[in-house]
Amino acid sequence: MSRVFKASLLLISTIALAACGFHLRQSVALPASMQHVHITGNGDPNLQRGLARALASSGITVEEHTGADIAELNIPVANFSTDTLTVSGQARVTEYTVRYQVQFEVHDGAGQPLVQRQRIDMSREFSYDATNTIGTTAQVDAIRSSLNDDMVQAILFRLQAAGRHPEKTAAQAVQAADSAPAPASSTH
């Protein structure tokens, strides 16, 4: 191929990627009070490991223990569930949905809320093949892994938004003191 053709092909590809909205993911920018974070929770250890890796790659120091100037990211709920979605005429399950619910909150080193407790719900659907039960287990594991990766990104986006809009976080704390807040949720 000629050099001109290769260069024009590269230019067209670059323009097409920019036009479709594709951008490389950047590291998350968290508030100064979250530059040192301790992650706790009773939920999925894979979620905690994924968050720790993502935070560390963004320049945040993930601490083993809590302390005076260390924010605490608490994940009290991280549950997977599998529900029947459709049933065939022969009373056999043909589709399932895997649901993932996570609740998290962040407090600064002094125990003041940085991010009020929030809830994120995600789900994926898949077809069930009664003749391939081994494949189904692998499929569910792959879906759970994918949901876990997406949940890490969703939590990081919420933490970054809280860092960009700390006045909204403070208003939420006042509102929470007055009444019980409704959980925020999203489904992907």
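Keep in mind the model is a prediction, meaning the values are calculated, not measured.

## What about the overall build of the chain?
Looking only at helices and strands, one finds four helices and five strands in the chain. The order of helices and strands in the chain, counted from the N terminus, is α-β-α-β-β-β-β-α-α. Here the chain holds 188 residues, and 30% of them are scored as buried. Working note: accessible area of the chain is about 11,600 Å², and carbon and sulfur atoms make up 54% of it.

## Focus: the confidence of the model for the chain
In this model, the chain carries an average pLDDT of 77, and 71% of its residues clear a pLDDT of 70 or more. Within the model, the stretch residues 176-188 combines pLDDT values under 50 with 21 contacts to residues more than four positions away or in other chains.

## Looking at the pattern of salt bridges
Between side chains of opposite charge, a pair can form as their charged atoms come close. In total, this model carries four salt bridges according to the counting rule given. With its nearest N and O atoms 2.9 Å apart, the salt bridge here joins D121 to R119. According to the relative accessible area criterion, D121 is buried, its value standing at 17%. Notably, a salt bridge pairs R124 with D150, separated by 2.1 Å at the nearest N-O pair. Taken together, the residues span a long stretch of sequence, with R124 in strand β5 (residues 113-127) and D150 in helix α3 (residues 133-164) at a distance of 26 residues.

## Examining the nonpolar core
Judged by nonpolar contacts, the single largest core of 34 residues is most densely connected at L47, L51, L73, I155 and L159. Elements with a minimum of two residues in this core: β1 (36-41), α2 (45-57), β3 (71-87), β4 (93-107), β5 and α3. Per-element accounting of this core gives the leading share, ten residues, to α3. Once you skip the residues sitting within four places of it in the chain, I155 turns out to touch L47, L51, V102, F104 and I120.

## Here we look at the packing of aromatic side chains
Inspection of the entire model under this criterion finds two aromatic pairs. Considering the side-chain rings of F80 and Y100, the 3.9 Å spacing of their centres and the 0 degrees angle between planes classify their relative orientation as stacked. With F80 in strand β3 and Y100 in strand β4, this pair connects stretches of sequence that are 20 residues apart. Here F80 falls in the partly exposed class, since its relative accessible area comes to 22%. Given the relative accessible area of 1%, Y100 is considered buried. Ring plane angle 25 degrees and centroid distance 5.7 Å describe the contact between Y96 and F126, whose orientation is recorded as stacked. Of the two residues, Y96 is situated in strand β4 and F126 in strand β5; the sequence distance between them amounts to 30 residues. F126 gets classed as buried once you look at its relative accessible area, which sits at 5%.

Criteria and cut-off values
- Residues numbered from 1 in each chain as written.
- Predicted model: local features only at pLDDT ≥ 70, side-chain atom pairs only at ≥ 80, totals over all residues.
- Heavy atoms only, no water.
- Helix = DSSP H or I, 4+ residues; strand = E, 2+ residues; numbered from the N terminus.
- Buried < 20%, exposed > 50% of the residue type's maximum accessible area, 1.4 Å probe, protein only.
- Areas by Shrake-Rupley, 256 points an atom, 1.4 Å probe, with all protein chains shown as cover.
- pLDDT = per-residue confidence, 0-100.
- Contact = heavy atoms within 4.5 Å.
- Salt bridge = Lys/Arg side-chain N within 4 Å of Asp/Glu carboxyl O.
- Core = buried A, V, L, I, M, F, W, Y, C linked by side-chain atoms within 4.5 Å.
- Phe/Tyr/Trp six-rings, centres within 6.5 Å; stacked < 30°, edge-to-face > 60°.

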